[in-house]
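Working through the structure, step by step
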Amino acid sequence: MSKSEEIREKIMNIAKKNPKGISAKDITSAIPEISSAVLVTAINELLQQELFDLFSQGDSYVYRLKTTTSKQAVKGADNEEKVVYNLIDEAGNKGIWIRDIRIRSNLQNTQLTKVLKNLESKKVIKAVKCVNASKKKVYMLYNLEPDRSITGGAWYQDQDFESEFVDILNVQCLRFLHQRADKMKNNPRGPIVGRTQSYATAAEVQKYITDLGISKVQLDVEDVITILNTLVYDGKAESTVYPDGSKVYRAIESLIPPPGLVQIPCGVCPLIHKCCSTGLVTPQDCKYMNEWLE
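Heads up: these notes are all about the structure in this document.

A few words on the pattern of salt bridges. The final tally for this structure, using the stated rule, is nine salt bridges. In this structure, Glu204 engages Arg180 in a salt bridge whose closest nitrogen and oxygen atoms are separated by 3.4 Å. A residue pair is termed long-range when its members are at least 10 positions apart, and Glu204 in helix α11 (residues 202–212) and Arg180 in helix α9 (residues 163–184) qualify at 24 residues. On the accessibility criterion, Glu204 (34% relative accessible area) is partly exposed. Look at Arg180 and you get buried, because its relative accessible area is 17%. A salt bridge links Glu238 to Arg250; the shortest N-O distance between them is 3.1 Å. Residue Glu238 is found in strand β9 (residues 237–241), and its partner Arg250 is found in strand β10 (residues 247–251); the two are separated by twelve residues along the sequence. In this structure Arg250 comes out as buried when scored by relative accessible area, which is 19%.

Right under this line is the structure:
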């Protein structure tokens, strides 16, 4: 792959993650090493290859990746299909409800149902169920990844809320904050410095969770922030914002002693179901148990 092809591939990957469109500023932020001349050349080539749509937005331009389905939709489609397709296309990865399509397209129920079935059969669009309303479906382009507000993100599996998984993450995040606080409690530089250094960023907590390997799905920093915020709401942690704008979290002593699960490593161990008196995983040989007992 040539250098120019590699640059075009990177730009297309950025566009795929931003279905509503990207600006030149978005591209240079994601690819800081790209020069203005190379950027202009790459964008022009993508436009000539009809891989991008160009839109004006104020004083700048926005580039949106064309989908393979857009050509299928236009080719041989009647006016009703084009209208419905355009409405669904505008909705992006958050989708649009059938009632809104009906109102905006001014199509009758029978007619609209037929159009939607035709577009679905061509794999131009797809229907996605919402986690916050099991009977409600939204329509979006076939190749788009639904927004986490639709799927529920990492906390849902097949529309079922993974409460046990969330509880484990909650306990592990709190455990990390307690460990950080205990480590900094007797800081030789003084209590004020120790208190400041006992705060942790969401990125640090996310790395800790990732290194533990207890999650089957890739957790973003935003997912960990959600968990940390629940700890703040429960009065188990506090948050503050540093002068540089970064938000940090710190464990605090609650009025009620922390539950045993926070203190005992067994409560959050991913191998607890394999742990027994004999075998490869035993309490006698558990390094985490030994560290806790020290």
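This next bit is on the side chain of Arg250. A polar contact is formed between the side chain of Arg250 and the side chain of Ser198, at a distance of 2.9 Å. What Arg250 contacts, discounting residues up to four positions off in sequence, is Leu177, Arg195, Ser198, Tyr199, Ala237 and Glu238.

Hydrogen bonds between backbone groups are what pair the strands of a sheet, and the pairing can be parallel or antiparallel. Taken in spatial order, the three strands line up as β8-β10-β9 in an open sheet, and their pairing is antiparallel. The open sheet terminates on both sides in strands that have one partner only, identified here as β8 (200–201) and β9. Direction of pairing for β9 relative to β10: antiparallel, over a ladder of five bridges. Bridging across to β10, Thr240 finds its partner in Val248.

About the thresholds
- Residues numbered from 1 in each chain as written.
- Predicted model: local features only at pLDDT ≥ 70, side-chain atom pairs only at ≥ 80, totals over all residues.
- Heavy atoms only, no water.
- Salt bridge = Lys/Arg side-chain N within 4 Å of Asp/Glu carboxyl O.
- Helix = DSSP H or I, 4+ residues; strand = E, 2+ residues; numbered from the N terminus.
- Buried < 20%, exposed > 50% of the residue type's maximum accessible area, 1.4 Å probe, protein only.
- Polar contact = N/O pair within 3.5 Å; in protein donor to acceptor, adjacent residues only side chain to side chain.
- Contact = heavy atoms within 4.5 Å.
- Pairing = 2+ DSSP bridges.

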